[in-house]
Structure formats: C-alpha cells, structure tokens
Amino acid sequence: MNPKRLYVTQVAVLNFAMTMMMTAAIVYRIDLAGLEPYQLILLGTALEIAVIFFEIPTGIVADKYSRKLSVVIGFFIIGIGFFVELLTITFLWIFIAQIIWGFGYTFISGALDAWVSDETHNVGIEQTYIKANTVSKVMTILGIIGALGFGIIDIRLPMLISAALYILMSIMLIFVMKEKVEKGVMNHSMIHQFKFGVKHIFRHPMLKIFVITAFLLGLYSEGIDRLEEFIVLDRVTTTIFSELSSIYIVSIMHMVVAILGIIMLLIIKKYVKEGLKVYQWFLALVLLMSLGLLIFAYTPSAYIAMLGFFFFRMTRQGLDPLYTSIQAREIPNNIKATVMSTFGQIDGIGQILSGILMTTLAFVLGTKAILTATALILLGVAYTMFLMIVKHKKTDFKS
C-alpha cells in the first residue's frame, strides 16, 4: 500500500477507536466509577509515567531496528490496556490500565510519523500530516457516533470494540506495512543513539528552543485534557441542555469539536505550505487558544463561556500537524524517531508536573484557577515560538 495512504489509514483507525474509547470512558469513569476531579487528573499522570519511562527507549528501538515492528507492538499493547480498564471500576485498576496503554502508545509515538517521513522522503510531508489530521477528525465524529450508539446499550461496549480494533489493526499491519531499512542503522548502541539525538537537539538553533516549547505544551495540557468534560458538564447545568444524559452531552461536545477541527485544518491546508508560515500560524493559534480559555473561565454567561471553549478547541486542532512538521523537517532520518520520542518525553515531563500543579489548584482554588494557569502557560508557548520565528528569519537572511 502507498505509504501516505497507509499512514492516513492508521491515523484514522487510531483516532476512531481512541475517540470511541475516550468518549465512553469519561462517562464510565464519572458516572459508574464515580471518580473525583483529582482522580481524573491522576489518570492522566499515569499515562505520562509510562511516557517518562518508555518514550525514549521505544523511539530508539524504532530507529535502530524497525519502525514497523514498533508500530505493530504499539497497537497491540494499547488494545490490551483498554481491555484491562474494563475489568473493574476500581480506581487502581483504571490507573494501571492507563500505564499499560500509555506504554503501548510510546511505541507508536514518533515511530509512525518518522516512518512516513522517511518512506516519502518528506515530499509534501506538511500536506500529508494535515490530510491525516483532517481525516482523523471525520473518524472522530464516527467514533463519537459509535460511542453514543453502542453506549446507550452498555457504556462498556464501545470500550470493548475499541480494544478489539487496536488488536486487529496490529495484526493487519504485519502483512500490509512495508519498510525500507537503511544499512548501518543497527551499528550503534541504544545509549549512543540517544546521546546522538540529544546532541543534535542542543546543537540545532531551532530545536533547542523547541525543547522549551514541548515542555510548556505538556505543562498546559494535562489539566484541561482531564477536566474539560467535567467542567463542561458542570457549566451545562445552567443551560437548556441540563436535562440531557451525560453521554449525550459529551458526545455532542466531541462531535462539535471534531467538526470545528475539520474547518480549522482545511484553513491551514489552504494557507500553510512550509517554511516560516508554519511557525507564524503556530504562534497565532496558541494566542487564540489562550484567549478562548480566558473567555471560558471568566464569562458569567454559560452560553458565551461555551463559545470560548469551542473556540479554544477549534484553534487547538491546528497545532498537531504544524508541531509534527517542524520536527520532521529539522531532524535527520537516522535519529528521527529517537528525537521525536525525546520531545514526547519532554512533553510527558511537563504533563506530570502539570498533574501535580493542576491537582493542587483544583483542591485549593477550583477549576477557574486551572483554566487561568493554562491560558498563562500558553502565552509562554507563544513566546518560544516568537523566538523561533526570529531565529528562522536570521537563518534565512544569512543563507
């Protein structure tokens, strides 16, 4: 199968199954397991524990041995992790399940993006990433519909189907995913590979700034990722939608976000090709995200607050392909998965610290403080991107 087409297919299936799982899981965790806000944040911390321990080793495995093997293993372990969460509604088991599937995700993180980057020699890579993200939003809508349809029967059913899809995808990729293995890839030890990747980051004029960007993106995301459904469900109680079941509200919310995401990605696809525009759009989107969060936090009207939330989520959808394309363009092929995984781990460190920070804020000051802190951290991300734009212009001028 054509590498670009297979990449888009994998991203689509990954997002369809993940959306169906997470849409059902948030209701499962809030309504059936009765988890508190701090417990929801701690589940995100569990995921990042897996990232901290395994992101770089699995990235090195992908670079040294096989990116295909890494992706196949990743899909399989994620499926197993989803199955584990269904065993019981006890918080401890749900926590363990996050570590398992988080471990599986580290095999895919970096490896899949690096695989398509190498297989296509970066020809039109920005458009490939944007197309994959756009298709994934369509699949997200289908995943929400699936979660809603199957969740009405039993909230655990869409979770079970998602787990099965990941395992089936793992088996299918064994036969259809091809890989060009370059000579000399296995000549170095894993430690040497890691050191080489780190040296490249800190010798690179753009990537050494991007380290701070990755950390701040992790620091901002954990609180809002784990609590946005909780906060939205709370705000909805003062609207005409208050009588709807939680599964309907969460499903509608995710569907609207997906539709807005498609619109955002189509705009980016039209106006962003490569070069400086990637950085400029990244900066603009981050500033708009911060604005949306502040509207969500401080507007008395629940309806206007929800508009702020959806504005934040719409602009956020445009970050992923830009974030990935910056790395794909700046990192050599022989260490691409290693360096991408290193940035994934830096993001994970930020998310673990965010879990501690946001849990404390949730206990002491409440959710408004979490939204405010998140918006302020995004301003820090904007500043690092501004520095990268300045650096980019200087580099272009010298060349």
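1. Observations concerning the overall build of the protein chain
Step number 1: Within the protein chain, the secondary structure is distributed over 15 helices and zero strands.
Step number 2: In summary, the protein chain has a C-alpha radius of gyration of 20 Å against a globular reference of 21 Å for 399 residues, a match within 12%.
Step number 3: Over its C-alpha atoms, taken along the principal directions, the protein chain stretches across nearly 60 × 45 × 35 Å.
Step number 4: Expressed as a percentage of the 399 residues in the protein chain, the buried residues total 58%.
Step number 5: In the protein chain, once contacts between residues fewer than 6 apart in sequence are set aside, the share between residues at least 24 apart is 85%.
Step number 6: Put simply, the protein chain shows about 16,600 Å² of open surface, and 70% of that area lies on carbon and sulfur atoms.

2. Brief notes about the nonpolar core
Step number 1: Ranked by internal contacts, the top residues of the largest apolar core, which has 116 residues, are Y7, F282 and F343.
Step number 2: Per-element accounting of this core gives the leading share, 15 residues, to helix α9 (residues 207–236).

3. Section: the packing of aromatic side chains
Step number 1: Taken as a whole and assessed by the stated rule, the structure comprises 11 aromatic pairs.
Step number 2: Look at F82 and W101: their rings are 5.5 Å apart centre to centre, the planes differ by 70°, and that puts the pair in the edge-to-face class. Of this pair, F82 sits in helix α3 (residues 67–85) while W101 sits in helix α4 (residues 91–108), placing them 19 residues apart in sequence. When sorted by exposure, F82 lands in the same class as W101, which is buried.
Step number 3: Between F210 and F343, the aromatic rings sit 5.3 Å apart at their centres with planes inclined by 75°, giving edge-to-face as the arrangement. Taken as a pair, F210 in helix α9 and F343 in helix α14 (residues 336–364) lie far apart in primary sequence, 133 residues in all.
Step number 4: In this structure an aromatic cluster arises from ring pairing among F75, F82, W101 and Y166.

4. Some thoughts on α14
Step number 1: The end-to-end C-alpha distance of α14, which contains 29 residues, comes to 42 Å, matching closely the 42 Å that a straight helix rising 1.5 Å per residue would cover.
Step number 2: Counting buried positions over the 29 residues of α14 gives 21, a clear majority of the element.

5. Some thoughts on the packing of helix α2 (residues 37–64) against α14
Axes are the key here: two packed helices are described by the angle between their axes and the distance separating the axes.
Step number 1: The contact between α2 and α14 brings their axes to 8 Å, and the two run at 165°. Considering the angle they form, α2 stands roughly antiparallel to α14. Considering only the axes of α2 and α14, their crossing is left-handed.
Step number 2: Looking at side-chain class alone, the contact of α2 with α14 contains 14 nonpolar, 11 polar and four charged residues.

6. Observations concerning a nonpolar patch on the surface
Step number 1: A grouping of I152, I240, F241, L244, Y248, I252, V256 and Y303 is seen on the molecular surface, where their side chains present a nonpolar patch of about 750 Å² in accessible area.
Step number 2: Ranked by residue count, the leading element in the nonpolar patch is helix α10 (residues 246–271), at three residues.
Step number 3: As for its placement among the helices and strands, L244 is situated in the loop between α9 and α10.
Step number 4: Assessed through its relative accessible area of 37%, L244 is described here as partly exposed.

7. Here's the deal with a positive patch on the surface
Step number 1: Residues K4, R5, K131, K269 and K273 make up a contiguous surface patch of positive charge.
Step number 2: Mapped onto the secondary structure, K131 falls in helix α6 (residues 125–153).
Step number 3: On the accessibility criterion, K131 (46% relative accessible area) is partly exposed.

8. A short note on the pattern of salt bridges
Step number 1: The full count for this structure, using the stated rule, is three salt bridges.
Step number 2: R29 is the partner of E85 in a salt bridge, and the nearest nitrogen-oxygen pair spans 2.8 Å. With E85 in helix α3 and R29 in helix α1 (residues 3–32), this residue pair connects regions lying 56 residues apart in the sequence. Of the two residues, E85 and R29, both sit in the buried class.

9. Some thoughts on the confidence of the model for the protein chain
Step number 1: Per-residue confidence for the protein chain gives a mean pLDDT of 84, with 96% of residues at or over 70.
Step number 2: Within the protein chain, no element has a lower average pLDDT than α2, which sits at 76, and none a higher one than helix α7 (residues 157–176), at 94.

10. Remarks on the side chain of S117
Step number 1: Checked against the element boundaries, S117 lands in helix α5 (residues 111–119).
Step number 2: When residues no more than four places from it in sequence are discounted, the contact partners of S117 are N122, I125, Y129, A328 and K336.

11. Looking at the environment of L357
Step number 1: One can find L357 in helix α14.
Step number 2: Taking the C-alpha atoms as reference, L357 lies 8.5 Å from G223; in sequence the two are 134 residues apart.

12. Here we look at the side chain of H200
Step number 1: With respect to the helices and strands, the residue H200 is situated in helix α8 (residues 190–203).
Step number 2: When neighbours within four sequence positions are excluded, H200 is seen to be in contact with L207, E330, I331, P332 and I335.

Criteria and thresholds
- Residues numbered from 1 in each chain as written.
- Predicted model: local features only at pLDDT ≥ 70, side-chain atom pairs only at ≥ 80, totals over all residues.
- Heavy atoms only, no water.
- Helix = DSSP H or I, 4+ residues; strand = E, 2+ residues; numbered from the N terminus.
- Rg over C-alpha atoms; globule rule 2.2 N^0.38 Å.
- Buried < 20%, exposed > 50% of the residue type's maximum accessible area, 1.4 Å probe, protein only.
- Contact = heavy atoms within 4.5 Å.
- Areas by Shrake-Rupley, 256 points an atom, 1.4 Å probe, with all protein chains shown as cover.
- Core = buried A, V, L, I, M, F, W, Y, C linked by side-chain atoms within 4.5 Å.
- Phe/Tyr/Trp six-rings, centres within 6.5 Å; stacked < 30°, edge-to-face > 60°.
- Expected span 1.5 Å × (residues − 1).
- Axes fitted to C-alpha atoms, helices over the stretch in contact; angles between N-to-C directions.
- Parallel < 35°, antiparallel > 145°, perpendicular 65-115°, else oblique.
- Left-handed = near helix turned anticlockwise from the far one by under 90°.
- Nonpolar A, V, L, I, M, F, W, Y, C, P; charged D, E, K, R; others polar.
- Patch = residues over 30% accessible without salt bridge, like charges linked within 9 Å, V, L, I, M, F, W, Y side chains within 5 Å.
- Salt bridge = Lys/Arg side-chain N within 4 Å of Asp/Glu carboxyl O.
- Lys, Arg positive; Asp, Glu negative; His and termini not counted.
- Charge placed at Lys NZ, Arg CZ, Asp CG, Glu CD.
- pLDDT = per-residue confidence, 0-100.

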